[in-house]
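Examining the three-dimensional arrangement
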Amino acid sequence: MRKTLAQATVLGTLALAVAGCSETPAQEEVNDQAEAIAESYDAQADLVEAQAENGPNEAVAEEKADALREEGEQIEDHLKDMADEDL
């Protein structure tokens, strides 16, 4: 999970570097990327839950799915904060 956070941070930093001086489009791009990352974590969480539905490990899967969603939200918030501070 930490590797994914690091990758997202690098992606966000690259987006900020490429964005250059134009504030509004750069912020929009970073926000779009941040939201896409969060959505991908949510989709992964949905898959984890669906695979374990009605099975013996359903509770564990729900915890894992919740952790995935939380991580996606943290990455999204971090990237958006970076965009607000740096742009």
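Up top is the structure these notes are about.
Residues numbered from 1 in each chain as written. Predicted model: local features only at pLDDT ≥ 70, side-chain atom pairs only at ≥ 80, totals over all residues. Heavy atoms only, no water.

Description of the overall build of the protein
The condition is simple: Labels follow the DSSP assignment, with helices taken as runs of H or I lasting at least four residues and strands as runs of E lasting at least two, numbered in each case from the N terminus. Residue burial is assigned from relative accessible area. The probe radius is 1.4 Å, only protein chains are included, and a residue is buried under 20% of its type maximum, exposed over 50%, and partly exposed in between. Note on contacts: a residue pair is in contact if any heavy atoms of the two residues lie within 4.5 Å. Here the open area of atoms and residues is found with the Shrake-Rupley method and a 1.4 Å probe, where only the protein chains shown may cover a residue.
On a plain count of helices and strands, the protein comes out with three helices and zero strands. Traced from its N-terminal end to its C-terminal end, the protein shows the element sequence α-α-α. Across the 87 residues of the protein, 31% fall into the buried class. Within the protein, residue pairs in contact and separated by at least 24 positions form 73% of the contacts whose partners lie at least 6 positions apart. In the structure as shown, the protein presents an accessible area of about 5700 Å², 50% of it carried by carbon and sulfur atoms.

Digging into the environment of Glu73
Summarising the element assignment, Glu73 is placed in helix H3 (residues 58-86). Between the alpha carbons of Glu73 and Asp42 there is a distance of 9.0 Å; along the sequence they are 31 residues apart.

Some points on unusual backbone geometry
One non-glycine residue, Asn54, lies in the positive phi region at around 60°. Here Asn54 lies in the loop between helix H2 (23-52) and H3.

Considering the side chain of Arg69
Spelled out, the test is: Pairs of N or O atoms within 3.5 Å make up the polar contacts considered here, provided that, within protein, one atom can donate a hydrogen while the other can accept it, and that residues adjacent in sequence are counted only when both atoms are side-chain atoms.
Its location among the elements puts Arg69 in helix H3. At a separation of 2.5 Å, a polar atom in the side chain of Arg69 contacts the side chain of Asp46. Setting aside residues up to four positions removed in sequence, Arg69 forms contacts with Asp42, Ala45, Asp46 and Glu49.

A closer look at the nonpolar core
Just so we agree on the cut-off: In these notes, a set of buried Ala, Val, Leu, Ile, Met, Phe, Trp, Tyr and Cys residues joined through side-chain atoms within 4.5 Å is what counts as a nonpolar core.
Ranked by internal contacts, the top residues of the largest apolar core, which has 16 residues, are Ile37, Tyr41, Leu68, Ile75 and Leu79. Take this core: its biggest share by element is eight residues, from H2.

Considerations on the pattern of salt bridges
Opposite charge on two side chains permits pairing when their charged atoms draw close. Test applied: Salt bridges are defined by distance alone: a side-chain nitrogen of Lys or Arg within 4 Å of a carboxyl oxygen of Asp or Glu.
In total, this model carries six salt bridges according to the counting rule given. A salt bridge links Glu35 to Lys80; its shortest N-O distance comes to 3.2 Å. With a gap of 45 residues between them, Glu35 in helix H2 and Lys80 in helix H3 connect regions that are remote in the sequence. Residue Glu35 is classed as partly exposed on the basis of its relative accessible area, which comes to 33%. Look at Lys80 and you get partly exposed, because its relative accessible area is 22%.

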